[in-house]
Every structure is written in structure tokens, then in C-alpha cells.
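Analysis of the macromolecular model
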Amino acid sequence: MSDRWYEKAVIYCADIDTFADSNGDGVGDIRGMIGRLDYLARLGITCLWLNPVHPTPNRDDGYDVADFYNVDPRLGSLGDFTELVHQARDRGIRVIIDLVVNHTSDQHPWFQSARSSPDSPYRDWYVWSQAQPEDRHQGMVFPGEQAETWTYDRTAKLWYYHRFYKFQPDLNIKNPEVREEIKKICAFWLQLGVSGFRMDAVPFIIEETEPGNPNSPKDMEFLSELRQHIQWRQGDAVLLAEANVEPEQLKDFFGDAGGSANRIHMLFDFMLNGRLMLALARGNPEAIIDALRDTPKLPDGGQWATFLRNHDEVDLSRLTAEQRNEVFAQFGPDENMQLYGRGIRRRLAPMLGGDRRRIELAYALQFSLRGTPVLRYGEELGMGDDLTQDGRDAIRTPMQWNMAPNGGFSTAPAGQLVRPVITGGEYGYEKVNATLQRHDTRSLLSWFERMIRTLREAPEVGSGSCAHVDVPAPSGLLVHRADDVTGTMVFLHNLAPEDGVVDLSSLFPEADFPNDVLADQEYAEPGKLDKLAVAGYGYRWIRLCRKP
Ligand code: NOJ
């Protein structure tokens, strides 16, 4: 069995500033996070992914970095950070951090120096154009919030490139000094004890931008270089990349044409994410089956990271317009729920109408599909969203801990909080919080704890193979299996409201005392697998055989 830790990990994504505030200033901080590590350990997660921790003007939730070698003073100090890494490790939890090196904040001293003079040593660290680039209104990532990708800087008297907001100038990857600096940043944080990086915007990092060319070349070799560098510094460090690209381009991010896995270890599976949403919206698993079939085979050591919700909008851009509209109709019918014409700015529980059966079903499905599951903070409680907040902030409200004012997130006056806590109604902290759910063995939180524990006993899921089991089955039912040298698991997930039955006896006649290890309810023993019932929106995880 593989001993690559990331294949068996459960990753939990949290933003320190909305997680737990230890000093009552209204902003979550590292000490607050340390105080909640026992909660995370009990939940069963094994890797904590922290959204950007660096000093920042905070105009894009920290994705506008002003100093790569420090933590934002609002969150604490570097000393606090190393304490967090140490305390987490003590509880069997690794820490990875966001590495945002496609761009810096326009307040970063490098950019300030670069724009100030043609002689600045940092001038060539950014991407400039003397002439107004013809493609300046193309390639925006945030349509509606961003009008262009080139902006004129009156100090430099030049146009600068920014794939994202105009306060995020892109770094120039063609410059060897920039490449060296990125490696130095990685080495610095590895030295402080992190286990790797969630690399932001990877397809744009490697873009060798040419003004006027919306399809500038990409330097994939930089990924091999970076991988080699971090692996030398720390053998088991990983790169987990955000690369939402066409399926045929994906394999190049994992490794070079020789088929080796010498670039990114793990990629978020955006394709599967869109298809999962479509399948849930339709109550029919066909879209997932297509995704399993169409996914390129990964080189050994390459791994998918699966997710349902992250800190951004649900990105449906890989679906057709018609499919996207189906998902909008089910999960984001109001214009106010939609974002950038391609996505939905809601959390999963409200998207599924707060229906507990469907929430469990969705997460049981995500966690049992191939790859490493990634969970966004608060999803384990079924937290809601706040559509009065701008854009993606709707799903970035503070963690709801208990019944105390501000949901126990902070003792500061409500008006001073980094973002308002959701209060009142079905998703307010008064009804949805960690403490209430911790005391209730039937709560969603208790279910997540159970589900993650069960997953840990099924290493086939993360490390083994995953395949659709093609048998006659009711239209809402997905049957898939995971196999490894450790054994075999079979999974039934019913995406439709109607009950169903499936016969798997001819496929697995040798099943060795099959038994349900997780299910939405008590079912009759699987027996010979010939009459496997699954309730509407129900699921069964069945162990077929276990090898020592
Ligand atoms: C992708 C991140 O997920 C998003 O939150 C951010 O705004 C952009 N990259 C820019 O860094």
C-alpha cells in the first residue's frame, strides 16, 4: 500500500480571520485557531489548509499579498504560526498554506519599487507594456468586478498586466530572479514546518504573458523545477494546485510528456465538482459516471482533490450553458445567488434546501469518490450563507461555535467583526453551532466524525482505484467501487428521492462477509448482495473484503 500521506488525508480548509478570535478584536487569529485544534482532531481531519496568512491590504481576502515572509499582524506573529504548526502536528494534523505567487498586492514593496523607476531592481519582476495592449479587455477572471487585464500606471507610464483585480499585478515568471524568489518563499515556509502548498492560479503563474496575445505560451517546466526544489528541501512536501483548465491539459500539470509525476502532486478536480453539482441537481448520476470515464489516467503519485464547496463560488464554467442553467434552476435560482455568470455563491446546506438526507448523501458521495477529500470550514455543521454580503463574502462568514453572542466566534461588539456572523433563521448560530451538535449524536457534525472515521478504515478510497460499476440499476443510483491491496469497498448512492434496489450478486459472488460500514439508515444484512435496497437520497458503503 502506498505510504504517500496526501493520498489518505482529509483536508480541511479554513480562513484564520473568520475561524476563532482569541483576543476579542473582532478578527480571528492564530491563537484562536490553536485553541480549536482539538475540535479539528476530533472531527478526524489530517491536514489543515490555511487560506493566505500573509500581510495584506485585504482587498481579495488575503489573496493580495504584501509580504511573503511574514504573517499578517491581525492574525498573530511568525512565532504563533510555528506554534500552530507544532500543536497541529502533535495531534496528527499537517498544515499547508496558500502560495499566491501569480501576483502580489500593488502595495507590495516590489511593485512600489518597480513602478517608481526604470532602474528599479524590481522593474522586470512584473509584466509591462509600453503600448496599450489590444487584448486588455480579454481574459478577466472576475467579470463584473474587473473591467480589464491591463491597467495604465501613471507613475511608471506603462501598462501592467493583472490576470485578476487591478490591485494584483502579475509577477513575471520569465524573470529568473522571480523564479528563484518563489523557491525561496517555499523554502522559508517549509523550514517553518508546513507540509506543502495550495498553489493559487497555477495556469496563470506559468503564463509567459505577451501583450496583445491572449494565448501566451505557458512554461510548464517551471512546475518541474519548483517540484524538484521543494522535494529536495522536504521529501514529503506536497503541491496542491488550483488549475481549472480543459481536461486534455490536466495531465501536463501532473508531469511531463514522459508520463512521470514530476510536477504537481494533487489537482483540485473542478471537472468532477461541476458534474457532481449537475448530478445532484438532476437526481441522476450520469454526469458523475461520465466524469469517472473521461478523467485522464494519472501518473503514479498523481492525485485528485475532491470538493463540493470551497472559499469561492461554485464554478460551473466547465458545464454547457444548458447544464449550467439546470444547476442554477435547482441551486441558485435568484440572480443574487449567482456570480460572474458562471457560479453560485452559496454554501451546500442552503443549496440543498437544508435537507439533511441530501447533505449527507452529497458528502458521502464526495468522500467516497477517488481522490483526497477537501472540506471547507463550517460545512460539517451545515452552515448557511449571507447573501447580503458582497460577492464571495456570502460564504465567508465566521465559524459558528456556540450560543454565546457572535456565535462564540469573538467577544468583540458585533459591529466590529471582520464579517457579520449569521444570526436568526434556519442557519443562524443560535440553531447551527458546533457545541449544540457536539452534544447530539444524531447531528450533522457527529455524522461527519463517523463518516471520516469510517473513511480512515477504507484506505482503498484515497490510495486505490475507483470505478463505476455498470449494472442495471434504478436511474438515480450510482454504484462504484474502490480496490486496493487492502481490500474492496462498494458504494451505493441514491441521488433520486425514490427508493431503489440493485442486484450485485453476479459481480461479487466471492464477497467475504459483506457488511455496511456506513449507511443513511439500518438496512437488512447485505447477504449475497442480490437485493440491496437503498432509500431515496440514501447511501450504503459496503465492505466486501478486507485483506490483512
Ligand atoms: C483563486 C482564489 O481561490 C481566489 O479566492 C482568488 O481571488 C484568486 N485566485 C486570486 O488570487
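These numbers come from a predicted model, not from an experiment.

1. Re the packing of aromatic side chains
- This structure, assessed with the given rule, holds 34 aromatic pairs.
- On the numbers, 5.8 Å between centres and 10° between planes, the contact of F111 with W128 is stacked. Of this pair, F111 sits in helix α4 (residues 109-116) while W128 sits in strand β4 (residues 128-129), placing them 17 residues apart in sequence.
- Residue F111 is classed as buried on the basis of its relative accessible area, which comes to 2%.
- When the centroid spacing of 5.1 Å and the interplanar angle of 80° are considered together, the rings of W447 and F448 count as edge-to-face.
- You can call W447 buried: its relative accessible area is 2%.
- Its relative accessible area of 0% is what places F448 among the buried residues.
- These aromatic residues form a ring-pair network of at least three members: F142, F164, Y165, F167, F204 and Y340.
- Over the ring of W401 we find R36, and its NZ or CZ is 3.9 Å from the ring centre.

2. A few points about the domain arrangement of the chain
- Its domain assignment divides the chain into domain 1 (5-103 + 176-454), domain 2 (109-161) and domain 3 (465-546).
- Using C-alpha coordinates to define each centre, domain 1 is positioned 30 Å away from domain 3.
- Taken together, the contact between domain 1 and domain 3 spans 22 residues of the former and 20 residues of the latter.
- Summed over both sides, the interface between domain 1 and domain 3 buries roughly 1800 Å², with carbon and sulfur atoms accounting for 74% of that surface.
- Across the domain 1-domain 3 interface, the total number found is 0 salt bridges.
- The interface formed by domain 1 and domain 3 includes 4 residue pairs in polar contact (both at pLDDT 80 or more).
- Elements that contribute at least two residues to the side of domain 1 that touches domain 3 include exactly α9 (270-282), α10 (286-294), α13 (356-368) and α15 (444-456).
- When residues of the side of domain 1 that touches domain 3 are assigned to their parent elements, the largest contribution, 8 residues, is made by α13.

3. Comments concerning unusual backbone geometry
- The phi angle at F513 is positive, at roughly 45°, despite the residue not being glycine.
- Mapped onto the elements, F513 comes out in the loop between β18 (500-502) and β19 (515-519).
- Look at F513 and you get exposed, because its relative accessible area is 73%.

4. A closer look at the site of the ligand
- Around the ligand, the neighbouring residues are D60, Y63, H103, F142, F164, R198, D200, E242, H311, D312, R392 and R396.
- A distance of 3.0 Å separates an oxygen atom of the ligand from a polar atom in the side chain of R392.
- Expressed as a share of its isolated accessible area of 290 Å², the protein-covered part of the ligand is 97%.
- A class-by-class count of the residues in the shell around the ligand yields 3 nonpolar, 2 polar and 7 charged.

5. Some remarks on the pairing of strand β17 (residues 487-494)
- With 8 of 8 residues buried, β17 is to be regarded as a mostly interior element.
- Pairing analysis gives 8 bridges linking strand β16 (residues 477-484) to β17, with the strands arranged antiparallel. By the bridge assignment, R481 is partnered in β17 with V490.
- Here β16 folds back onto β17, and the loop between the two strands holds 2 residues.
- Pairing geometry for β17 and strand β21 (residues 539-546), over 7 bridges, is antiparallel. When the bridges of β21 are listed, G487 appears paired with R546.

6. Quick look at the UniProt feature "domain: Glycosyl hydrolase family 13 catalytic" (unreviewed entry) in the chain
- With numbering aligned to this structure, UniProt lists the feature "domain: Glycosyl hydrolase family 13 catalytic" (unreviewed entry) at residues 13-396.
- Here residues 13-396 is 33% helix and 13% strand, with 12 Å between the C-alpha atoms at its ends.

7. Comments concerning the pattern of salt bridges
- Under the defined criterion, the tally for this structure stands at 42 salt bridges.
- Across the pair E7 and R4 runs a salt bridge, and its minimum N-O distance is 3.0 Å.
- Residue classification places E7 among the buried residues on the basis of a relative accessible area of 5%.
- Judged by its relative accessible area of 25%, R4 falls in the partly exposed class.
- Of the charged contacts, one joins E313 and R342 as a salt bridge, the two residues approaching to 2.8 Å between their closest N and O atoms. You can see E313 sitting in the loop between β10 (303-307) and β11 (314-315) and its partner R342 sitting in the loop between β12 (338-339) and β13 (343-344), a full 29 residues away along the chain. Taken individually, E313 and R342 each receive the classification buried, so the pair is uniform in this respect.
- Each of the salt bridges in this network shares a partner with another, and the network as a whole consists of D60, D61, D312, R392, D393, R396 and R419.

8. Details of the state of the cysteines
- Taken as a whole and judged by the stated rule, the model has 0 disulfides.
- C466 forms no disulfide, and the closest cysteine sulfur to it belongs to C545, at a distance of 16 Å.
- A relative accessible area of 21% places C466 in the partly exposed class.

9. Observations concerning the sheet that holds β12
- Pairing within the open sheet is antiparallel, and its 3 strands lie in the order β11-β13-β12. Only two strands of the sheet have a single neighbouring strand rather than two, namely β11 and β12.
- Of the pairings in the sheet, the one linking β11 to β13 comprises 2 bridges and is antiparallel in character. In the strand pairing of β13, D315 is matched with G343.

10. With respect to helix α7 (residues 221-233)
- Along its 13 residues, α7 runs 19 Å from first to last C-alpha, staying within 8% of the 18 Å computed at 1.5 Å per residue.
- Regarding α7, the residues found buried are F222, L223, S224, L226, R227, H229 and I230.
- In the core, the buried residues of α7 are packed alongside α5 (176-191), β7 (196-199), α6 (202-205), β8 (238-241) and α8 (247-254).

How each quantity is defined
- Residues numbered from 1 in each chain as written.
- Predicted model: local features only at pLDDT ≥ 70, side-chain atom pairs only at ≥ 80, totals over all residues.
- Heavy atoms only, no water.
- Phe/Tyr/Trp six-rings, centres within 6.5 Å; stacked < 30°, edge-to-face > 60°.
- Helix = DSSP H or I, 4+ residues; strand = E, 2+ residues; numbered from the N terminus.
- Buried < 20%, exposed > 50% of the residue type's maximum accessible area, 1.4 Å probe, protein only.
- Lys NZ or Arg CZ within 6 Å of the ring centre and 35° of its normal.
- Domains from an automatic or database assignment.
- Contact = heavy atoms within 4.5 Å.
- Buried area = accessible area lost by both parts, 1.4 Å probe.
- Salt bridge = Lys/Arg side-chain N within 4 Å of Asp/Glu carboxyl O.
- Polar contact = N/O pair within 3.5 Å; in protein donor to acceptor, adjacent residues only side chain to side chain.
- Near = heavy atom within 4 Å.
- Areas by Shrake-Rupley, 256 points an atom, 1.4 Å probe, with all protein chains shown as cover.
- Nonpolar A, V, L, I, M, F, W, Y, C, P; charged D, E, K, R; others polar.
- Pairing = 2+ DSSP bridges.
- UniProt positions renumbered as here; feature names shortened; annotations may be inferred.
- Disulfide = S-S within 2.5 Å.
- Expected span 1.5 Å × (residues − 1).

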